[in-house]
Amino acid sequence: MELIILKLGGSVICDKSKPFSIRRRVLRRIANEISKFLKEEPEKKLIIIHGGGSFGHYAVQEYLSLKGILDLEALVNVERIMLELSTTLADYFIDAGIPISILTTHSLVMIDDERELIINTRYIEQFLRMGVVPMMYGDLIISSKGSIKVVSGDTLAWELAYRLKANKLLFATSVDGVYSSKPEFPNAILLNELSLSSMINKVTYSETSVYDVTGGMFRKLIEGIGKIRPSMKVYIFNGLRAGEIYRALKDRPLKGTVIKP
């Protein structure tokens, strides 16, 4: 079974500078690109994970600003908000002919005493065997001690790629890949390839916005340390560029950064 995990960044599906703002034209285009790929290569298995965008990030930040903690009120409301966003994505994907099924992250993932994620991967694998495209997302989850934690879509993508032995992990972001400094800086260089073991000396920025509570590009990379199997391909590329998600699924993005161990 060849497995691909596609992480749709929150800045791709949403305008993260505006609370609860969805890029509907982008979603329609992405759905069509994924559908085209699956029709051409029906034997491939796909898991889609999406970020919180201007939904989850905004809501979590509001609770943290008001109360300083994530309590039960935050848990139930952020879970509802993220499910609303995921349902919107599912509408576009189903309309494009993608057999999507939303697997709510808080129902399948928790954190143990050692701060390790416990994930019901057998449930996910059964959906894949049935020909379903499971979709999960960054969410609030509970720990074995009863505390409430944020799990980002990036964390989920790395963990699932490692545990399910994915062949390919694709991060669709709002930039062309990993740069040597902030992409808007004139001296920024797009890195065609980056080794995680040496990146500390090469990458000196964080791609964050006012509503990003899970970290940015640097955090995305840090989370991958120790998670890349020898046969796994990892790309970071621009999901806002038309056709690029399709090309990445086909293993040929126009631009991007190849991530190595």
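It should be emphasised that the depicted structure is a prediction, and the values quoted were computed from it without experimental measurement. (Residues numbered from 1 in each chain as written. Predicted model: local features only at pLDDT ≥ 70, side-chain atom pairs only at ≥ 80, totals over all residues. Heavy atoms only, no water.)

A. Spotlight on the nonpolar core. Counting residues in each nonpolar core, the largest one holds 47 residues, and the members touching the most others are Leu 6, Leu 8, Ile 34, Leu 46, Ile 48, Phe 93 and Ile 245. Among the elements that line this core, the one with the most residues is helix α4 (residues 72-95), at ten residues. Not counting the four nearest positions on each side in its chain, Leu 46 is found in contact with Leu 3, Ile 4, Leu 6, Ile 34, Leu 38, Leu 128, Val 132, Val 133, Pro 134 and Leu 249. Ile 111, Leu 117, Val 132 and Phe 171 belong to the second largest nonpolar core, which has 40 residues in total. (Core = buried A, V, L, I, M, F, W, Y, C linked by side-chain atoms within 4.5 Å. Buried < 20%, exposed > 50% of the residue type's maximum accessible area, 1.4 Å probe, protein only. Helix = DSSP H or I, 4+ residues; strand = E, 2+ residues; numbered from the N terminus. Contact = heavy atoms within 4.5 Å.)

B. Region of the structure containing the packing of aromatic side chains. The full count for this structure, using the stated rule, is four aromatic pairs. Ring centres of Phe 20 and Phe 55 lie 5.3 Å apart, and the angle between their planes is 85°; this geometry places the pair in the edge-to-face category. Here Phe 20 is found in the loop between α1 (10-13) and α2 (24-40), whereas its partner Phe 55 is found in helix α3 (residues 53-67), with 35 residues between them in sequence. Taking the centre distance of 5.3 Å and the plane angle of 45° together, the rings of Trp 158 and Phe 171 count as tilted. (Phe/Tyr/Trp six-rings, centres within 6.5 Å; stacked < 30°, edge-to-face > 60°.)

C. Examining the side chain of Arg 29 more closely. Tracing the sequence through the fold places Arg 29 in helix α2. Setting aside residues up to four positions removed in sequence, Arg 29 forms contacts with Gly 239, Leu 240, Arg 241, Ala 242 and Gly 243.

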